[in-house]
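Close look at the chain arrangement
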Amino acid sequence: MTDTTSGAAGDERIKDVSPLRRMLIRPELGGICGTILVFILFGLIAGDSGMFAAEGVMNWTVVSAQFMVIAVGACLLMISGEFDLSTGSMIGFSGVLMAILSVQLGWPLWLAILATFAFCMAIGAVNGWLVIRTGLPSFIVTLASLYILRGLTIWGSVYFTRQTIISGVSDRAEGDWLGPVFGGKILTGLFQWMGDAGWIATFTRGNRAGQPVVDGIPMLVVWAIVLVIFGHWLLTRTKFGNWVFASGGDAQAARYVGVPVNRVKILMFMFSAFCACVFSMCQVMEFGSAAADRGLLKEFEAIICVVIGGALLTGGYGSVIGAALGAVIFGVVQQGLFFANAESSLFRVFLGMILLIAVIMNTYIRRIITGER
Amino acid sequence: MTTPIVDMRNIKKHFGHVIALNGVSFDVRAGECHCLLGDNGAGKSTFIKTMSGVFRPSEGEMRVEGKPVIFESPRDAMTAGIATVYQDLAMIPLMSVSRNFWMGREPEKGIWPLRTLDLAKADAITMTEMRKMGINLRGPDQAVGTLSGGERQTVAIARAVYFGAKVLILDEPTSALGVRQTANVLGTIDRVRKQGIGVVFITHNVRHAMAVGDRFTVLNRGQTLGTALRGEVDAPGLQDMMAGGQELADLEGSLGGTI
Ligand SMILES: Nc1ncnc2c1ncn2[C@@H]1O[C@H](COP(=O)(O)OP(=O)(O)O)[C@@H](O)[C@H]1O
Ligand SMILES: [Mg+2]
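Chain B carries the name Sugar ABC transporter ATP-binding protein in an unreviewed UniProt entry, which gives Gemmobacter lutimaris as its organism.

In the annotation of an unreviewed UniProt entry, the entry for chain A reads Xylose transport system permease protein XylH, and the organism field reads Gemmobacter lutimaris. In its Subcellular location (unreviewed entry) section, the UniProt entry covering chain A states "Cell membrane". In its Function (unreviewed entry) section, the UniProt entry covering chain A states "Part of the binding-protein-dependent transport system for D-xylose. Probably responsible for the translocation of the substrate across the membrane."

Here the focus is the overall build of chain A. Of the regular secondary structure elements, chain A holds 16 helices and four strands. Against the globule reference of 21 Å for 373 residues, chain A gives a C-alpha radius of gyration of 22 Å, in line with a compact fold. When its C-alpha atoms are laid out on the principal axes, chain A stretches across 80 × 50 × 35 Å. A buried classification covers 53% of the 373 residues belonging to chain A. Across chain A, every contact between residues at least 6 apart in sequence was considered, and the portion connecting residues at least 24 apart equals 78%. Taken together, the 23 basic and 21 acidic charged side chains of chain A have centroids lying 6 Å from each other.

Once that is clear, we can look at the pairing of strand E2 (residues 18-28) of chain B. Residues and elements named next belong to chain B. Bridge count for strand E1 (residues 6-15) against E2 is eight bridges, and the pairing is antiparallel. The residue of E2 that forms the bridge with Phe-15 is Val-18. Count of turn residues in the E1/E2 antiparallel hairpin: two residues, of which Gly-16 carries a positive phi of about 60°.

Turning to the state of the cysteines, a few remarks are in order. For the structure on display, the rule yields zero disulfides over all chains. Lacking any disulfide linkage, Cys-305 of chain A is separated from the closest cysteine sulfur, that of Cys-75 of chain A, by 10 Å. Counting only cysteine sulfurs, Cys-33 of chain B is the nearest neighbor of Cys-35 of chain B, a cysteine outside any disulfide, at a range of 4.2 Å.

The next thing to look at is the site of ligand 1. Residue and element names in this part refer to chain B. In the vicinity of ligand 1, the contacting residues are Phe-15, Ala-20, Asp-39, Asn-40, Gly-41, Ala-42, Gly-43, Lys-44, Ser-45 and Thr-46. One nitrogen or oxygen atom from the main chain of Lys-44 is found 2.8 Å from an oxygen atom belonging to ligand 1. The fraction of the free accessible surface of ligand 1 (560 Å²) that becomes covered by protein chains is 59%. Each residue belonging to the shell around ligand 1 can be placed in one class, and the counts come to three nonpolar, five polar and two charged.

Basis of the calculations
Residues numbered from 1 in each chain as written. Chains lettered and ligands numbered in written order. Predicted model: local features only at pLDDT ≥ 70, side-chain atom pairs only at ≥ 80, totals over all residues. Heavy atoms only, no water. UniProt positions renumbered as here; feature names shortened; annotations may be inferred. Helix = DSSP H or I, 4+ residues; strand = E, 2+ residues; numbered from the N terminus. Rg over C-alpha atoms; globule rule 2.2 N^0.38 Å. Buried < 20%, exposed > 50% of the residue type's maximum accessible area, 1.4 Å probe, protein only. Contact = heavy atoms within 4.5 Å. Lys, Arg positive; Asp, Glu negative; His and termini not counted. Charge placed at Lys NZ, Arg CZ, Asp CG, Glu CD. Pairing = 2+ DSSP bridges. Disulfide = S-S within 2.5 Å. Near = heavy atom within 4 Å. Polar contact = N/O pair within 3.5 Å; in protein donor to acceptor, adjacent residues only side chain to side chain. Areas by Shrake-Rupley, 256 points an atom, 1.4 Å probe, with all protein chains shown as cover. Nonpolar A, V, L, I, M, F, W, Y, C, P; charged D, E, K, R; others polar.

Rendered as structure tokens:
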């Protein structure tokens, strides 16, 4: 592939590199620059709109965290050389499945959640298995799952409830031990204390008077941070992570040296499904309902975050931290334009431009690092 | 003479109705460089892939240190001490030299589930081993893609040697290289042989073979035309064996392919 010969130039090419350059030349550089740029930009155009007050910060943090959760799954899968276009459909499917199990069939919430995770990860495994067995591009195989899962979701929802929205999950969550792991908030005491101390604004009227406007960190944010740390650790610090890079970099070369490429890829499909389920469980617990149209286009948003974060679409190269920064960029731009009162259609123009700039920059950096030509 | 480390007898390999190997015998001893010569399509790659467990022979016998073996996978061959540097190298250009060096055999530390790569150890050993082979890396995290073709070969060879290869198979390591890089790789082969490792050097370049080979076997249309010792044969002789086989094949072709 890149096995080009360059005559006798061998040794002379190896020069000393300054530590500054060394620090800068990393896969996440595009993501880091993009993040800084986006914050400066919105600091200027939306600085006095409340975007950087407690409530505003929580607003874009939650949106960024949503992107982050699915971006981590998409990132590891992309590095292992595959795509999952069924993420969005999986979000809709898992939410509705959980709601049917708990609300319609009366299962305890925790059991419904665990069963949903197990079933969706099994679907992820089937996606992976099909890709391996047929040798078809995962793009095609998961495009099929995208339609199949969305269709099943709408059909199932209508079959059981005659509607495409299933409410009543909040009631089932009452007193359940697993529900708060997705729908709860942490550090509520700290936020109350900060409100009392006047550090963050409190409600002045209504039945929540005296309570801080931001009353805790949603579990979704905790999940996002945990998944990013886990993903980064797995990828850069473990043997399995090395196998993920190897499987995406050159599956045949990896097989020659005994890397279980098929197992790695199937596990990454399952992890992608897991992340989609985390996303949907948090969403369902927050809204108290599931809807068959949830998660539309999320697969592309996840892939965009990952690519902004410096990953190579063809696999073998990328960074979870980069993908997380991509998610922050995505979340801040989406919510920032809202705060800045800009036309929401501008969001897409802006996003397209950021995507282009980040990818050009990432490609340039990657060439420096990997000697790609 | 000592028993060969690997002894392949009358190996046949069919792909459907294609007969890629039609009874090839070949052996390699410790500390020698046994060259396998042949034109493109002669079956060299197919033969060494059976030797390294990628293919299972349709017929024939394999012995490792005198004992009959059957390799189910490349892993089995690796365990038996047979390491292969494939024509396509099995290197991942996007990954660092250190990560490539240890790929599939990563050193770990800590206790499960928090077992992590022992990066310090991996990097230090990679740097030492590469220096031994005469390659000065910018750092262990330098990507393989930034290395020249000859350097990549050397990384692959260093990796095989470090992991205790008794037999090192090199599939056309010099075919894509320039003059100086070829000299480096031939130097590496010599160094490896002197460590007591048996080297199987595949090439279609007679001069490269003559430079380091102790024995020479010529493969043509899936068959061996005999093995010669160093000194028994000269470059034009080997060239004739390769070309003569070709003429024979042409003749057979014009007679209606009744092989
Ligand atoms: N997997 C395969 N399926 C069918 N035919 C094959 C396969 N691999 C090799 N061959 C055939 O076997 C013959 C020998 O190929 P190969 O061993 O690659 O030759 P060499 O390495 O000497 O150039 C060729 O005619 C090739 O077409
Ligand atoms: Mg070949």
